[in-house]
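Listed below are the residues making up each chain.
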Amino acid sequence: MKLFTKYGRINFLAILSVLFAGSVCYYYIIRYVLIHQLDETLKVEEQEILDFVHKKNQLPEPSQYRDQTVFFTRTDEPVKRRFLSVRHHGHFRQIFFPVLADKMQYMAMVSKSQEESDDLIGLIVIITLGLMGLLFLVLYLVNRLVLRKLWRPFYQTLSSIKQFHLSSQRTIPDLNTDINEFQELGIAVQEMARKVLQDYDSVKNFADNASHEMQTPLAIINSRLDLMIQDQKLDERQMKQLQGIYDATGRLTKLNQSLLLLTKIDNNQFVNVKDISLDLLIKEKIFELDELIHAKHLQLSVNASPASVQMNEYLADILINNLMSNAIRHNLENGKIDIIICPGMLKISNTSDPLGFDGAGIFDRFQKNAQSQGIGLGLAIVKQISDNYHFIIDYSYFNDLHTFTLRF
Amino acid sequence: MKILIIEDEKSLSDNIAAYLRQEDYTCDTADNYWAAMEKIECYNYECILLDIGLPGGSGLSILKELRSNHKMDGVLMISAKNSLEDKISGLKLGADDYLAKPFHLSELSARVGAIIRRKNFDGSNNISFNEIMIDTLARTVLVNNKEVELTRKEYQLLLYFAGNKGRVISRNAIAEHLWGDDMDLADNFDFIYTHIKNLRKKMTHLGCGDYIQSVYGVGYKFSER
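Because the structure is predicted, anything quoted here is derived from the model rather than measured.

### Let's talk about the overall build of chain B
- In terms of regular secondary structure, chain B is built from eight helices and 14 strands.
- The burial tally for chain B puts 53% of its 225 residues in the buried class.
- Taking as baseline every contact in chain B between residues at least 6 positions apart, the subset at least 24 positions apart corresponds to 58%.
- A total of about 9700 Å² of accessible surface is found on chain B, and carbon and sulfur atoms cover 48% of it.

Here is the structure:
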């Protein structure tokens, strides 16, 4: 629920209840005042009648005007002075009081129409309702128009936050508002974004520097090993141990290079873009990887039509290389690889055992099967390259086929 | 033949020097910018191994200085930053080759050999070893004056061996040389074995001596028995 819908609703209920209670009181007070006024008029009539009787010792003539009736009844019972409202052929206010004339006791009744007062009350009610309606309309418009306008800086900040992306390196733009709260929010968000970018940069630089600094020690280890194996006094057991160090150093080197590559893609350091024919690139890769495909006796089917894409040549090579190597490496003996390439889409499927982990995480760094020989960064690099060019890369497993689909 | 190793990491430059000396190169070392500039001004080298990151200044400015003085020493750039920009700017400034750290000494040695050959310091593009003659321009191999038909990989392998005569080359170095960086498949070692077997068969078939020896499965050595 939107803030001003919620706020408007509470506001509406509060105003409604206050207005309702107020109106009820107002109605009764007005009604009381009007009846009181009517009673005063009746009292004046009463006084006139009593004065008349006192002076002339006889009853005045009963009368009936349009809105006033005077009426006398002979009675023996004691008469109590009282006011009464009657609804009978109209709405009347009546006063009953005792009159003594000619030693006779009478009950006098003066009746006045109350319709006029009712009309007045009706009018007041209509005006009050009209005012309430107007009030709600104005409140609604204020909520809709003014509040929306007042909250605009907030939505501006919100959309800046939504558009904020670490790798784009764009900070949050300045907010143009004179409302203190939103100014503060804008400044706080800007400051936060600046800090986040700074931290991100320092983490990135750290990864970059760490990888670079590792290259020289690795070079020293490698060169030392290269020299050691020249030693003819070493026996087979020692040589085998050196081979272990060689392999580990090789893995470390690959790992380091892959991390460096990821950082570089992240830093957008591959800017030169050109037209790449992915279909030709695939054919080149198949030629290069021919030995591996043959060694596993893989059955390869390629369905290629010309497909070109704008990207960096080196990254395109890595992208295709990693996808192809993946399809070969994780394949079964005598398995198969299907490649379909057409404008806008590349699909590489391979046979293999089911994954030992959730397919959704296949592009995560260091995600791999326990028996995998790789370092677990090949597909992470594929994902990073795809993201960089806003390509969509998908993985699915169906009918014993692992399929990677790249849409570009 | 004289080689200058400009590298600030002493341990690495010592290892390089030790390896290259086995090839009968004379090695000089410099571990900072000023020492390097001094040596370059005083002597001529067949090949200079130039690290880009140096205390006192960039290796690239040494290269610039060298070329502006019209010194045609071969230059092999070495960099810890495996970056295309470094590579491109280095090659533009007139470096002959580029090698990213970490590398195998056998790879370095083969590249130094190739630079020296290309610069034609010893007056020939051919490498000969007993009855074997490799013409690096025509990319042909003759054994007892008869041509051997080699595949691309077999030729690369033979050339690599010839650039590291008498030294053990590790399988890892061979795999990297033949398949490059982005092929990180462990089964490469089986292919090396196959390629070497085929190469050996083709050479001995033409009466060539068997010069390739396996060293405890760790590597191979190309030398006279």
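Right, picking up where we left off after that structure.
### Comments concerning the sheet that holds strand E1 (residues 63-64) of chain A
Residue and element names in this part refer to chain A.
- Pairing in this open sheet of five strands is antiparallel, and the strands run E1-E2-E5-E4-E3 from one edge to the other. Each having just a single partner strand, E1 and strand E3 (82-87) make up the two edges of the open sheet.
- Of the pairings in the sheet, the one linking strand E4 (residues 91-101) to strand E5 (residues 104-113) comprises ten bridges and is antiparallel in character. From the neighbouring strand, Phe97 faces E5, where its bridge partner is Ala108.

### Concerning the sheet that holds strand E10 (residues 140-143) of chain B
Residues and elements named next belong to chain B.
- Across the sheet, four strands lie side by side as E8-E9-E10-E11; this open sheet has antiparallel pairing. Looking at strand neighbours, the two that pair on one side only are strand E8 (126-129) and strand E11 (146-148), the edges of this open sheet. When strand polarity is set aside, the average angle formed by the axes of neighbouring strands in this sheet is 25°.

### Some points on the interface of chain A and chain B
- Taken together, the contact pairs 38 residues of chain A with 44 residues of chain B.
- The tally of links from chain A across to chain B stands at zero salt bridges.
- Linking chain A with chain B are twelve residue pairs in polar contact (both at pLDDT 80 or more).
- For the side of chain A that touches chain B, the secondary structure elements donating two or more residues are helix H4 (180-228), helix H5 (236-266), helix H7 (290-295) and helix H8 (313-329) of chain A.
- A total of eleven residues in the side of chain A that touches chain B trace back to one element, the largest contributor, which is H4 of chain A.

### Considerations on the pattern of salt bridges
All names here are of chain A.
- According to the stated counting rule, one finds 21 salt bridges over all chains in the structure shown.
- Salt-bridge contacts for Arg74 lead to Asp76; the nearest nitrogen and oxygen are separated by 3.2 Å.
- A relative accessible area of 43% places Arg74 in the partly exposed class.
- In this structure Asp76 comes out as exposed when scored by relative accessible area, which is 67%.
- Note that Asp317 is salt-bridged to Lys285, the shortest N-O span being 3.5 Å. Here Asp317 is found in helix H8, whereas its partner Lys285 is found in helix H6 (residues 278-288), with 32 residues between them in sequence.
- Among the charged side chains, a network of salt bridges with common partners joins Lys285, Glu288 and Asp317.

About the criteria used
Residues numbered from 1 in each chain as written. Chains lettered and ligands numbered in written order. Predicted model: local features only at pLDDT ≥ 70, side-chain atom pairs only at ≥ 80, totals over all residues. Heavy atoms only, no water. Helix = DSSP H or I, 4+ residues; strand = E, 2+ residues; numbered from the N terminus. Buried < 20%, exposed > 50% of the residue type's maximum accessible area, 1.4 Å probe, protein only. Contact = heavy atoms within 4.5 Å. Areas by Shrake-Rupley, 256 points an atom, 1.4 Å probe, with all protein chains shown as cover. Pairing = 2+ DSSP bridges. Axes fitted to C-alpha atoms, helices over the stretch in contact; angles between N-to-C directions. Salt bridge = Lys/Arg side-chain N within 4 Å of Asp/Glu carboxyl O. Polar contact = N/O pair within 3.5 Å; in protein donor to acceptor, adjacent residues only side chain to side chain.

Purely spatial values, then, with no claim about function.
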